[in-house]
There are 2 protein chains.
Amino acid sequence: MSDFVIPVSEMAKRTVNPIRQIVDQMEIKPHPDKPMIALSIGDPTVFGNMKVDASVKEAIKSAVDELKSNGYPPSIGYEHARQAVAEKYTEPEYGVNISSGDVIIASACSGAIDLAIAALLNPGQNVLVPRPGFSLYQTLAESQASEVKHYDLIPEKGWEIDLKHLESLIDDKTAAIIVTNPSNPCGSVFSKEHIRDVISVASKHKLPIIADEIYADMTFKDVPYISFASQSKDVPILSCGGIAKRYLVPGWRLGWVIIHDRNNRLGEVRQGLVALSQRLLGANSIVQAALPNILHKTPQSFYDETMGQLEENVNVLMERLSKVDGLKPIKPSGAMYLMVGVEMTKFPEFKDDFELVQRMITEQSVFCLPGRCFTYPGYFRIVVSPPKDRLIEACDRIEEFCKQHRK
Amino acid sequence: MSDFVIPVSEMAKRTVNPIRQIVDQMEIKPHPDKPMIALSIGDPTVFGNMKVDASVKEAIKSAVDELKSNGYPPSIGYEHARQAVAEKYTEPEYGVNISSGDVIIASACSGAIDLAIAALLNPGQNVLVPRPGFSLYQTLAESQASEVKHYDLIPEKGWEIDLKHLESLIDDKTAAIIVTNPSNPCGSVFSKEHIRDVISVASKHKLPIIADEIYADMTFKDVPYISFASQSKDVPILSCGGIAKRYLVPGWRLGWVIIHDRNNRLGEVRQGLVALSQRLLGANSIVQAALPNILHKTPQSFYDETMGQLEENVNVLMERLSKVDGLKPIKPSGAMYLMVGVEMTKFPEFKDDFELVQRMITEQSVFCLPGRCFTYPGYFRIVVSPPKDRLIEACDRIEEFCKQHRK
Ligand SMILES: Cc1ncc(COP(=O)(O)O)c(C=O)c1O
Ligand SMILES: Cc1ncc(COP(=O)(O)O)c(C=O)c1O
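Residues numbered from 1 in each chain as written. Chains lettered and ligands numbered in written order. Predicted model: local features only at pLDDT ≥ 70, side-chain atom pairs only at ≥ 80, totals over all residues. Heavy atoms only, no water.

(A) Structural view of the site of ligand 1. Neighbouring residues of ligand 1: 15 residues in total, closest Ser110(A), Asn184(A), Asp212(A), Tyr215(A) and Tyr72(B). Near ligand 1, the surrounding residues belong to chains A and B. A distance of 2.7 Å separates an oxygen atom of ligand 1 from a polar side-chain atom of Tyr215(A). Take Tyr72(B): an N or O atom from its side chain is 2.6 Å from an oxygen atom of ligand 1. Contact with the protein chains hides 96% of the accessible area of ligand 1, taken as 400 Å² for the molecule alone. (Near = heavy atom within 4 Å. Polar contact = N/O pair within 3.5 Å; in protein donor to acceptor, adjacent residues only side chain to side chain. Areas by Shrake-Rupley, 256 points an atom, 1.4 Å probe, with all protein chains shown as cover.)

If you want it as structure tokens, here you go:
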């Protein structure tokens, strides 16, 4: 009897979510006298302060009422949904003319990244990913027996890519470069010049870029958002995006790949992406049906308010945390995150960022993710979307915590 | 310049949807004087005669209004959604006691099947699948470099599995058996005895069963629906289901895997399924939030009407088509399909079912899928969900077509 145990597949064994693994090791027991303030999850809906725009709710409800969008969409998505994405991200001033044929609707930005990785990488090949960076790239690549190599971002230069390091990692197994702009976990936003420099490296080595642009347009006042596609002449860009963050609906699971390929360098990759989209069919049909309204009818005031609130929160956090001896918050320019460096020598009590973060939970009930979650020890990440008063309270507690433990 | 062409991955090349491939080869030009009647797509929403229940629409709309379900659900799904599935498919009379911990919410039944295949099969291993059968199994297995082996169903025995043939295919590379009950494309429903016989084969060879039960409970009057789990003592059953067909919302992309494992034979497969669910996060959060209402508050009248309409349609089709010399419709007992055998010798003009179906489009504007789409030449499949008058019109035309071409 005991020999009747079903073995699990190698793929399942290889599939690891590092954040989950790290967080599962933590003892997340807040201090009994202090209500928990979770600044850990990149989900702007958690605290209820950031709400979906009324127009978006209405778009969904009328799609439900109309009864026209309950059937199977094409595997690449409804034509009008793809059209809406194409219109939104066309940039004629840069010669970026996208049509619906260049868009594949996917199951959220995660699904879009999965399509891009699956279409470009074979087992044994590698993809270059940022450090600090979003761990999903590694999960997806390793799941399919491909590898990641981490290139460094430079905190002193607003988290620009260390181009020398990037280039030094490229070998004959490298199949693509992933960039995240604006960045999770850094909240940084690349300049036009820097984007060009990155593209030059890709061009020199004839590599495509997977641009994770889920935070596209989520930049603070006076910080322009520049898309990778707008700066690329010959390097193909697979731009992965979605509505999760900008429209405050991560649970809705709608994203897309936009194929930018001015010089037809993608060859069979295009059909490859389409073939892969047929494995599962992507996003919910109702959300697809509402997408044109979501992308094009959401009032400007919604965007302004969301970004205004995030920027205000960042300003408060920067002001407070930069005054704390031992902490080095790095000012973000967009997205919804803030990386805080820790001078660990001032806190000799803690072995590493993991232990420090852990103790901040048990003593102060403030939950940030340790830098380790982003392959970047010596830092912790704060999600800046919670209500301002919660963030101020968190700053009070972090300050107290640092005072108590600083040597 | 010309050497800068990005190669596509092996996985993308291996990912093939046979139905799409076959249909893409067809010239789907209907006769100009006759409006097309498409009996080809397994989507009950196409003609607008079958409508989502009002209660289901309301469940979605209130989930949208409540603003509580826009965030990231856990990767395995909301607890209350999993709970609702567990309650629905618990069968205490058979000792099947499912809890929410046995349920993983997935991106539709396709996503559930993908999870099950990915958790059980390595590259080079094989899974046994029915012939005629649903082509997605092959697409998913081959996509991950696993193989399928087709076991025969026997039309004369109401499409029961040829057990000898099934068993003869098992080798040391076989990792699982997939069964589809009720069946697409046959509309057949297995008896309790037959299910037990199938399970015996699996038990003897210590193989798990992936039971595609997306058409669970969709049986006609006096035909009981028996789940595979209810009949298994020791064989682990991964039951894949979803709301696509029964609730007439295939575009909503919500499904599930129910893990039935009375004797803990699945070992690490359970965690493997959970790990795999973290790759992409499954189904839309709003539909997940509405799932308890969908599964438990939909009025019985809705189910009765849907199944009544399908059965009525089947009766009409059977009556008409069984009188056509040269055709052999096989009576279904559930789901929403009907397989029609063709005595090809009576139609010597056509090389095969593909050519016959093709000509039925160009001459009569009736579009059925050729048996080839289900690895089963000599048949064509009719989707029985369209409005009755459309089906009658289709029968008229098929009859005329056969009369014209019969030798
Ligand atoms: C950089 C980045 N890319 C992709 C995603 C995933 O987005 P989605 O929820 O649309 O799958 C996230 C989510 O946190 C992210 O931070
Ligand atoms: C037997 C069978 N399994 C699974 C599916 C896929 O279901 P879903 O739309 O939930 O992915 C279908 C759809 O036609 C089917 O016929």
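(B) View of the nonpolar core. Counting 248 residues, the largest nonpolar core has Ile243(A), Trp256(A), Ile243(B), Trp256(B) and Ile382(B) as the members making the most contacts within it. Not counting the four nearest positions on each side in its chain, Ile243(A) is found in contact with Leu248(A), Val249(A), Trp252(A), Leu254(A), Trp256(A), Val287(A), Leu291(A), Ile294(A) and Leu295(A). (Core = buried A, V, L, I, M, F, W, Y, C linked by side-chain atoms within 4.5 Å. Buried < 20%, exposed > 50% of the residue type's maximum accessible area, 1.4 Å probe, protein only. Contact = heavy atoms within 4.5 Å.)

(C) Quick look at the site of ligand 2. Inspection of the region around ligand 2 gives 15 residues, with Tyr72(A), Ser110(B), Asn184(B), Asp212(B) and Tyr215(B) positioned closest. Around ligand 2, the neighbouring residues derive from chains A and B rather than from a single chain. Within the contact set of ligand 2, an oxygen atom lies 2.9 Å away from a backbone nitrogen or oxygen of Cys109(B). Tyr215(B) places a side-chain nitrogen or oxygen 2.7 Å from an oxygen atom of ligand 2. Bound to the protein, ligand 2 loses 96% of the 390 Å² it would expose on its own. Per-element accounting of the shell around ligand 2 gives the leading share, four residues, to helix α5 (residues 108-120) of chain B. For the shell around ligand 2, the per-class residue count stands at nine nonpolar, three polar and three charged. (Helix = DSSP H or I, 4+ residues; strand = E, 2+ residues; numbered from the N terminus. Nonpolar A, V, L, I, M, F, W, Y, C, P; charged D, E, K, R; others polar.)

(D) The pairing of strand β7 (residues 209-212) of chain B, seen in detail. Residue and element names in this part refer to chain B. With burial as the criterion, each face of β7 is covered, one bearing Ile209 and Ala211 and the other bearing Ile210 and Asp212. With four bridges connecting them, strand β6 (residues 174-180) and β7 associate as parallel partners. Of the residues in β7, the one forming a bridge with Thr180 is Asp212. Note that the unit made of β6, helix α8 (residues 192-204) and β7 has a crossover that is right-handed. In this sheet, strand β8 (residues 237-242) lies alongside β7 in parallel orientation, the contact comprising four bridges. Bridge pairing links Asp212 to Cys240 in β8. (Pairing = 2+ DSSP bridges. Right-handed = clockwise from strand over helix to strand, strands pointing away.)

(E) Layout of the sheet that holds strand β5 (residues 160-161) of chain B. All names here are of chain B. Taken in spatial order, the eight strands make up an open sheet running β2-β9-β8-β7-β6-β3-β4-β5, and their pairing is mixed. At either end of the open sheet lies a strand with only one pairing partner, and these are β2 (103-107) and β5. Looking at chain direction, strand β3 (residues 126-131) and β6 are connected through three bridges and run parallel. Of the residues in β6, the one forming a bridge with Val127 is Ala176. Here helix α11 (residues 285-297) sits on the sheet and contacts β2 and β9 (254-260); the angle it forms with β9, its principal contact strand, is near 70 degrees. (Axes fitted to C-alpha atoms, helices over the stretch in contact; angles between N-to-C directions.)

(F) Focus on helix α12 (residues 300-321) of chain A. All names here are of chain A. Under the 1.5 Å per step criterion, the end-to-end length of α12 is 31 Å for 22 residues, consistent within 8% with the ideal 32 Å. Of the residues making up α12, those classed as buried are Phe302, Tyr303, Thr306, Met307, Leu310, Glu311, Asn313, Val314, Val316, Leu317, Met318 and Leu321. Packed against the buried residues of α12 are α4 (79-89), α11 (285-297), β10 (327-330), β11 (337-342), β14 (379-383) and α14 (388-405). (Expected span 1.5 Å × (residues − 1).)

(G) Highlighting the side chain of Asp43(B). With respect to the helices and strands, the residue Asp43(B) is situated in the loop between β1 (37-38) and α3 (54-66). It is Lys245(B) that comes nearest to the buried, bridge-free Asp43(B) among opposite-charge side chains, at 7.1 Å. Reaching out from Asp43(B), the side chain makes a polar contact with the backbone nitrogen of Tyr72(A) at a distance of 2.7 Å. Every residue in contact with Asp43(B), bar those within four places of it in the chain, is listed here: Gly71(A), Tyr72(A), Pro250(B), Met336(B) and Ser385(B). (Lys, Arg positive; Asp, Glu negative; His and termini not counted. Salt bridge = Lys/Arg side-chain N within 4 Å of Asp/Glu carboxyl O.)

(H) Representation of the interface of chain A and chain B within the structure. Facing the 76 residues of chain A at the interface are 75 residues of chain B. Together chain A and chain B conceal approximately 6200 Å² of surface at their shared face, both sides included; 60% is due to carbon and sulfur atoms. Counting across the chain A and chain B interface gives six salt bridges. One salt bridge connects Asp65(B) with Lys61(A), and the closest N-O pair in it is separated by 2.9 Å. If you look at where chain A meets chain B, you find 32 residue pairs in polar contact (both at pLDDT 80 or more). Broken down by secondary-structure element, the contributors of at least two residues to the side of chain A that touches chain B are α1 (10-14), α3 (54-66), α5 (108-120), α6 (136-143), α10 (269-277) and α11 of chain A. With six residues, α5(A) is the largest single contributor of residues to the side of chain A that touches chain B. Its residues assigned to classes, the side of chain A that touches chain B comprises 38 nonpolar, 22 polar and 16 charged. (Buried area = accessible area lost by both parts, 1.4 Å probe.)

(I) A look at the relation of the copies chain A and chain B. Relative to chain B, chain A is turned by 180 degrees and slid 0.0 Å along the rotation axis, the superposed coordinates differing by an RMSD of 0.0 Å. With respect to symmetry, the two chain copies, as superposed, fit the operation of a two-fold axis. When each C-alpha of chain A is compared by its distance to the rotation axis, Lys61(A) comes out closest, at 2.9 Å. (Least-squares fit on C-alpha atoms with pLDDT ≥ 70 in both.)

(J) A look at the sheet that holds strand β8 (residues 237-242) of chain A. A sheet is described by the order of its strands in space; here eight strands give the open sequence β2-β9-β8-β7-β6-β3-β4-β5 (chain A), paired in mixed fashion. Both outer strands of the open sheet, β2 (103-107) and β5 (160-161) of chain A, are each paired with one neighbouring strand and no more.

(K) Quick peek at the packing of aromatic side chains. Residue and element names in this part refer to chain A. As enumerated under the stated definition, the model contains 22 aromatic pairs over all chains in all. Note on Tyr215 and Tyr337: the rings are 5.6 Å apart at their centroids and 90 degrees apart in plane angle, and the pair reads as edge-to-face. Here Tyr215, found in the loop between β7 (209-212) and α9 (228-231), pairs with Tyr337, found in strand β11; they are 122 residues apart in sequence, far enough to count as distant. Relative accessible area serves as the criterion here: at 2%, Tyr215 is assigned to the buried category. Among the residues examined, Tyr337 registers a relative accessible area of 1% and is labelled buried. Ring centres of Tyr376 and Tyr379 lie 5.1 Å apart, and the angle between their planes is 50 degrees; on these two criteria the pair is classed as tilted. (Phe/Tyr/Trp six-rings, centres within 6.5 Å; stacked < 30°, edge-to-face > 60°.)

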